[in-house]
Amino acid sequence: MVNLHINGEVKAVDAANDTPLLWALRDVLGLTGTKFGCGIAQCGACTVHLDGKPIRSCVVPIGSIGERAITTIEAIGATPPGRRIQQAWLDLEVIQCGYCQSGQIMSAAALLANKPDPDDAAIDAAMAGNICRCGTYVRIRAAIRKAARSA
Amino acid sequence: MTTSRRAFLQAGTAAGSAFLLGFHIPLAQAADAAARAPFAPNAFIRIDPQGAVTLIMPQAEMGQGVYTSIAMILAEELDVPWAQVSIEAAPPSDKLYGNPLFGIQVTGNSNSIRAFWPSLRKAGAGARALLTEAAARRWKVAAQTCHTEAGTVKHVPSGRSLAYAALVEDAGHLSPPKDPPLKNPADFKTIGKSLKRLDTPEKVNGKALYGIDAMPPGVKFATLALCPVFGGKVGQVDDSKAQQVPGVRQIVVLEDLVAVVGDHMWAAKQGLAALGITWDEGPNANVTSETVWQQLRAASEKSGAVAKTSGDADKALASGERLDAAYELPFLAHAPMEPLNCTVHVKSDSCEVWVGTQVQTRAQSAAAQVTGLPLDKVTLHNHLLGGGFGRRLEADMVATATRIAKHVDGPVKVVWSREEDIQHDVYRPVYRDVLAASVADGRVVGWTHRITGSAIIARWLPPAFQKGIDIDGVDSAVDIPYDIQNLRVEFQRDEPPAVPTGFWRGVGPNNNVFAIESFMDELAKKAGKDPVAFRRGMLGKNPRLLAALDLAAGKSGWGSPLPARTGRGVAAQGAFGSFIATVAEVEVDENGDVRVHRIVCAVDTGIVVNPDTVVAQLQGGLIFGLTAALFGEITIDKGRVQQSNFQNYRMLRINEVPKIEVHLIASGAAPGGIGETGTTAAPPAVGNAIYAATGIRLRRLPIDRVLLAGRKGA
Ligand code: FES
Ligand code: FES
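Position labels on residues start from 1 in each chain and follow its written sequence. Starting at A for chains and at 1 for ligands, labels are handed out in the order in which the entities are written. Under the rules for a predicted model, residues below a pLDDT of 70 receive no local features and side-chain atom pairs below 80 are neither given nor counted, while totals for whole chains, interfaces and linings still include all residues. Processing note: side-chain calculations cover all non-hydrogen atoms of the structure and skip hydrogens and water entirely.

Bringing the overall build of chain B into the picture now. Under the DSSP-based scheme used, a helix requires at least four consecutive residues in state H or I and a strand at least two consecutive residues in state E, with every element numbered from the N terminus. A count of helices and strands for chain B gives 20 helices and 27 strands. With C-alpha atoms as the basis for the radius of gyration, the globule rule is written as 2.2 Å multiplied by the number of residues raised to the power 0.38. Against the compact-globule benchmark of 27 Å for 714 residues, chain B has a radius of gyration of 27 Å, which places it among compact chains. Its C-alpha atoms give chain B principal-axis dimensions of about 75 × 75 × 45 Å. Exposed residues in this analysis have more than 50% of their type's maximum accessible area, buried residues have under 20%, and partly exposed residues fall in between, with area computed by a 1.4 Å probe over protein chains only. Counting only residues that meet the buried cut, chain B has 63% of its 714 residues in that class. The contact rule is simple, with two residues in contact once any of their heavy atoms fall within 4.5 Å. Long-range contacts, defined here as pairs at least 24 residues apart, represent 75% of the contacts in chain B between residues at least 6 apart. Surface accessibility in these figures is a Shrake-Rupley result with a 1.4 Å probe; residues are shielded only by whichever protein chains are displayed. With the model as given, the accessible surface of chain B reaches about 25200 Å², and the carbon-plus-sulfur share is 53%. Charge assignment in this entry is limited to Lys and Arg as positive and Asp and Glu as negative, and neither His nor the chain termini are counted. For this purpose, a charge sits on NZ of Lys, CZ of Arg, CG of Asp or CD of Glu. In chain B, which carries 73 positive and 70 negative side-chain charges, the distance between the mean positions of the two groups comes to 4 Å.

Here it is, written out as structure tokens:
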């Protein structure tokens, strides 16, 4: 049994210490907004925040997290950068199938929180770990810019 | 819009949501509804006595925005305010929701709007006519003296009006007219506007439910290993270690696969890794990419079934200057972001399936076949798709998951690892296109094109495979947009050894547009003409494509100087009923790496339902095509796929994406298809740009960086 601090609540997870956070969130806690894409930190679909920093939850064992705060897509709208990113995503109609977008939004929200006005290079650096098979990248870039301006 | 969004959210967030779960109406509510029957004049429209308008979506939403576009067409002809509309996924039914072009319920071939355009308009207009008639009878006036406006019927001479809600009961007693008057497109209020999509608000906050998110109470989780060699079987399984893994509940061994069921995916994955499996690899264990290509190349030298002939191609080839070339495309995996999955609950007398599919009725039948249950005992919940791209035009994942679920007590969610997803795909076939043409006076006078590859249609829709010709395989070749007097197109069916093949975004045109547009560039050079001018000279009878070509050339600055090692390439296509010209600008560095800087696309796709969706599909489709051109290749060794995950099956990433400009051309023609067009456009445009930059012609994809590095600059 591992206690995790998720979206402001403490949740007891009945799974082994080596269980990646992704599966604890999805399968044990039913927080299915965080997605499985590759399982090997290659695609970013599973991105969540650990103390505000983006991590790939598919490779982070729950036993390694301790009391650090986990934020998932379900709660990112409660943070100002998260809310701005979500709104920009809708305003520019970024999303196609949407499957990668939880991860994209988590990566973008973390970027904005730590760099309020990112340039192209900063966007590339923060977002290159997130694959979008539908190819929404052009709008992701524009939406991050828009969200930055709307601060 | 707010109301609509709220209605949609309401529908979508509830655990047993109407939106995601089709016609799932709780019993109490159903009894209530029967007492005050809604107005449901056809399978697509329901208006309840309170005036709530529900539109039923025959097609699957996989990111292409089809829920919104279909709702827009219905709302337009029904004449209801967009904000009052909510949507619901249709249950499986070929009869009610069959795609008019296929006869079965299927979302594919970029034809949702093309295929359903007449029937959806008629459905909306028919309902509107009934509501108008109901009001006219109530007022004892002629229906022709009434008109509709934003969900109300009005009679101007008497100043009377009635909301649709008030007419629901009366209209329900009238029989639908056969040919209801359709709106004049000049009067469209909804169609043609970039309305916000209905499915996206829940995709920004994690609430949208894909197949992989299905969580029926008590669900267990499974993952599987199929024999890595195509067609191989399970030999021995030592499960002693796997049984010790915490959370592992059950190990299911079938003829061709082993699945581990656990409390969560991690337990299942760990359990699978702990199994000692020996495979009986079977006869395909010595298949390699080499053997695949040898077979295909040999087949491509033989003449095939003639799919189209005009004039005398052989005679014309003997005149003018002749050029011969062959182009080759590799196997590709679909790799939708949502890995294959399917949740199934097999009970003694029924079965429930949760999945995201492009073929609802086939998915339902697959489960029925495996369980032996009648169709009406199989409930299918179709979810949002985390990408389809053709992979979910197959129902193999439903059959496989149901086979596993038959051995499991309670619901089980079967999730393919990314590795299994890539190594057990139904692949875009390898193709070889053998072309010959002669040019005289600056134009093509003779043309032969032989396409060799799988006949996917023969497996997927057998009645459509006639006389050895795969109608999809020759699409965009038999209807080549250029005016060529003497022409022959052949199809040579050749199924690769072992490797299963299927539809992949862009389908037949993917192959043909690449071969034809690459060859056109080579012929332009032979004729000593500029690639745009050369194409223009043969598009006199195709004004829509000509206009697109001129627009793309103009917007891209065609002909203006570029830095060293940089070039522009053009491609033109009439695929899927849309006329598109594309100019790519690329730079090739000394290592042979290709950087695509800019893509300019001009599009005439007829009447546009939602312009922003068309632009989005082109942006995304072009990027999908770039991934294929720059990286995409599945190779085979020892009967198995060598790629496994995104580290060796590369996708374009944000730092590699060019500027993309899409220019829509206004048109009153019937709507064309758009979802796959960008994917067919990008590879030839990029290949031609690489030639312009380096003088090196690539006749195979993906691009060969070694070859490009071999010659330092042009
Ligand atoms: S699932 Fe974690 S990075 Fe892909
Ligand atoms: S929106 Fe489909 S994978 Fe990104």
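So, on to the layout of surface pockets. Taking a probe equal in size to a water molecule and rolling it over the atoms shows the remaining empty space. Residue and element names in this part refer to chain B. Lining residues are defined by having an atom within 4 Å of a point belonging to a cavity or pocket. Those points lie on a 1 Å grid over the protein atoms alone, cavities being sets where a 1.4 Å probe fits but cannot get out and pockets being open sets with protein on both sides within 12 Å along at least five of seven lines. Grid points are joined across faces, edges and corners, and a volume is the space filled by probe spheres set on the points. The computed volume of the second largest pocket comes to approximately 830 Å³. Along its surface, the second largest pocket is lined by 49 residues, and Gly108, Asn109, Ser110, Asn111 and Glu676 are the ones closest to its centre. Listing elements by their share of the lining of the second largest pocket, those giving two or more residues are α3 (66-78), α5 (112-139), α14 (456-460) and α18 (611-630).

With that settled, the discussion passes to the sheet that holds strand β17 (residues 378-382) of chain B. Residues and elements named next belong to chain B. Note on pairing: two strands pair once DSSP finds at least 2 bridges between them. Read across the open sheet, the seven strands follow the order β10-β11-β8-β18-β15-β16-β17; overall the sheet is mixed. Sheet topology places β10 (248-253) and β17 at the edges, where each strand pairs with a single neighbour. Within the sheet, the average angular offset between the axes of one strand and its neighbour, ignoring direction, is 20°. Two elements, strand β8 (residues 220-226) and strand β18 (residues 412-415), share three bridges in a ladder whose sense is parallel. Each bridged residue has a counterpart across the sheet, and for phenylalanine 221 the counterpart in β18 is lysine 413. Interaxial angle, 0 to 180 degrees, is taken between N-to-C directions of lines fitted to C-alpha atoms, where a helix line uses only the stretch in contact. Sheet contacts for helix α8 (residues 265-274): β8, β10, β11 (257-262) and β18; angle to β8, the most-contacted strand, approximately 30°. Each of β15 (341-346), β16 (351-355) and β17 touches helix α11 (residues 360-371); the most contacted strand, β17, lies at about 145° to it.

Residue and element names in this part refer to chain B. Note that the residue after leucine 701, namely proline 702, is joined by a cis bond; omega there is -5°. Assignment of secondary structure puts proline 702 in the loop between α19 (677-694) and α20 (705-710). Its identity is not glycine, yet serine 476 carries a phi of approximately 80°, on the positive side. Mapped onto the elements, serine 476 comes out in the loop between α14 and β21 (486-493). On the basis of relative accessibility, which here comes to 7%, the residue serine 476 falls in the buried class.

A separate point is the interface of chain A and chain B. Facing 51 residues of chain A, the contacting portion of chain B comprises 63 residues. Interface area for chain A against chain B, summed over the two sides, is near 4500 Å², with a carbon-plus-sulfur share of 59%. Put simply, a salt bridge is a Lys or Arg side-chain nitrogen that is within 4 Å of an Asp or Glu carboxyl oxygen. Summed over the shared surface of chain A and chain B, the number is three salt bridges. By the criterion applied in these results, polar contacts are pairs of N or O atoms within 3.5 Å in which, for protein atoms, one can donate a hydrogen and the other can accept it, and in which residues neighboring in sequence qualify only through two side-chain atoms. The tally of links between chain A and chain B comes to 29 residue pairs in polar contact (both at pLDDT 80 or more). Only α1 (21-28), α2 (80-91), α3 (101-114), α4 (120-127) and α5 (137-149) of chain A provide two or more residues apiece to the side of chain A that touches chain B. Within the side of chain A that touches chain B, the residues separate by chemical class into 26 nonpolar, 14 polar and 11 charged. As used here, buried area is the combined drop in accessible area, with a 1.4 Å probe, of two parts when they are placed together. The residue classification treats Ala, Val, Leu, Ile, Met, Phe, Trp, Tyr, Cys and Pro as nonpolar and Asp, Glu, Lys and Arg as charged. All others, Gly included, are polar.

So, about the packing of aromatic side chains. Only Phe, Tyr and Trp rings are paired, with Trp represented by its six-membered ring, and only when their centres lie within 6.5 Å; those with planes under 30 degrees apart are stacked, over 60 edge-to-face, the remainder tilted. Summed over all chains, the structure comprises 14 aromatic pairs over all chains. Seen in terms of ring centroids, Tyr99(A) and Tyr210(B) are 5.4 Å apart; in terms of plane orientation they differ by 85°. Their pairing is edge-to-face. Of this pair, Tyr99(A) sits in the loop between α2 and α3 while Tyr210(B) is found in the loop between α6 (164-172) and β8, placing the two residues in two different chains. Accessibility classification places Tyr99(A) together with Tyr210(B) in one group, the buried group. When the ring of Phe230(B) is compared with that of Tyr427(B), the centres are 6.0 Å apart and the planes differ by 80°; the resulting orientation is edge-to-face. Of this pair, Phe230(B) sits in the loop between β8 and β9 (233-238) while Tyr427(B) sits in the loop between α13 (418-423) and β19 (431-440), placing them 197 residues apart in sequence.

The subject of this paragraph is α5(A). To estimate the expected span of a helix, count its residues, drop one, and scale the result by 1.5 Å. If you check α5(A), its first and last C-alpha atoms are 19 Å apart, about what 13 residues at 1.5 Å a residue would give, namely 18 Å. Among the residues making up α5(A), those that are buried are Tyr137(A), Arg139(A), Ile140(A), Arg141(A), Ala143(A), Ile144(A), Ala147(A) and Ala148(A). For α5(A), the elements touching its buried residues are α2, α3 and α4 of chain A together with α18 of chain B.

Its 18 residues place the ends of α19(B) 27 Å apart at the C-alpha level, agreeing with the 26 Å of an ideal helix rising 1.5 Å per residue. Looking one or two residues past α19(B), Gly695(B) carries a phi angle of roughly 80°, positive in sign.

We now examine the domain arrangement of chain B. Residue and element names in this part refer to chain B. Once the domains are mapped, chain B shows domain 1 (5-200), domain 2 (211-282 + 340-415) and domain 3 (290-331 + 427-708). Here domain 1 and domain 2 have C-alpha centroids that lie 37 Å from each other. Taken residue by residue, the interface counts 17 residues in domain 1 and 16 residues in domain 2. Both faces considered, domain 1 and domain 2 share a buried interface measuring about 1400 Å² in area, 59% of it formed by carbon and sulfur atoms. At the junction of domain 1 with domain 2, the criterion picks out zero salt bridges. Counting every contact that joins domain 1 to domain 2 gives four residue pairs in polar contact (both at pLDDT 80 or more). Looking at the side of domain 1 that touches domain 2 residue by residue, the classes come out as 10 nonpolar, five polar and two charged. Where each domain starts and ends follows an automatic or database-derived domain assignment.

Residues and elements named next belong to chain A. Strand order in the open sheet formed by five strands is β2-β1-β5-β3-β4, and the pairing between neighbours is mixed. Of all the strands in the sheet, just β2 (9-13) and β4 (53-56) have a single pairing partner and so form its edges. Pairwise comparison of adjacent strand axes, ignoring direction, gives a mean angle of 40° for this sheet. Where strand β1 (residues 2-6) and strand β5 (residues 69-71) come together, two bridges link them in parallel fashion. Bridge assignment links isoleucine 6 to a residue of β5, and that residue is isoleucine 70. Seen against the sheet, α3 touches β3 (47-50), β4 and β5 and runs at an angle of roughly 35° to β3.

Another point: the pairing of β18(B). Residues and elements named next belong to chain B. Where burial is concerned, the two faces of β18 agree: the one with Val412 and Val414 and the one with Lys413 and Val415 are both buried. As paired elements, β15 and β18 share four bridges and run antiparallel to each other. Note that in β18 the partner of threonine 343 across the bridge is lysine 413.

It is worth spelling out the pattern of salt bridges at this point. All names here are of chain B. Overall, the coordinates contain 52 salt bridges over all chains when judged by the stated rule. A salt bridge links lysine 541 to aspartate 483, with the nearest nitrogen and oxygen atoms 3.4 Å apart. Placement of the pair is lysine 541 in the loop between α16 (531-536) and α17 (543-556) and aspartate 483 in the loop between α14 and β21, with a sequence separation of 58 residues. Of the charged contacts in the structure, one is a salt bridge between aspartate 550 and arginine 536, with a shortest N-O distance of 2.6 Å. Remark: arginine 536 occurs in helix α16 and aspartate 550 occurs in helix α17; sequence separation between them is 14 residues. Taking the relative accessible area as the measure of exposure, arginine 536 reaches 37% and is therefore partly exposed.

By the element assignment, Ser69(B) lies in helix α3. The contact partners of Ser69(B), leaving out residues within four places of it in the chain, are Ile113(B), Val609(B), Asn610(B) and Thr613(B).

Right, let's get into the nonpolar core. Within the largest apolar cluster, 219 residues are counted, with the highest numbers of intra-cluster contacts made by Trp89(A), Ile144(A), Leu55(B), Leu78(B), Val444(B), Trp447(B) and Met520(B). If one sorts the elements of this core by residue count, α5(B) sits on top with 13 residues. Ignoring sequence-local partners within four residues, the contact set of Ile144(A) consists of Ile85(A), Trp89(A), Ala108(A), Leu111(A), Leu112(A), Pro118(A), Ile123(A) and Met127(A). By size, the runner-up hydrophobic cluster in this structure holds 32 residues, among which are Val252(B), Val355(B), Ala368(B) and Met397(B). Nine residue types can take part in a nonpolar core, namely buried Ala, Val, Leu, Ile, Met, Phe, Trp, Tyr and Cys, and a core is a set of them joined through side-chain atoms within 4.5 Å.

Residue and element names in this part refer to chain B. With 95% of its residues at a pLDDT of 70 or more, chain B shows a mean pLDDT of 93. Across residues 1-31, confidence stays below pLDDT 50; counting only partners more than four residues off in sequence or on other chains, it has 51 contacts. Interface scoring of the predicted complex returns ipTM 0.98; its pTM is 0.95. Scored from 0 to 100, pLDDT records how confident the predictor is in each individual residue.

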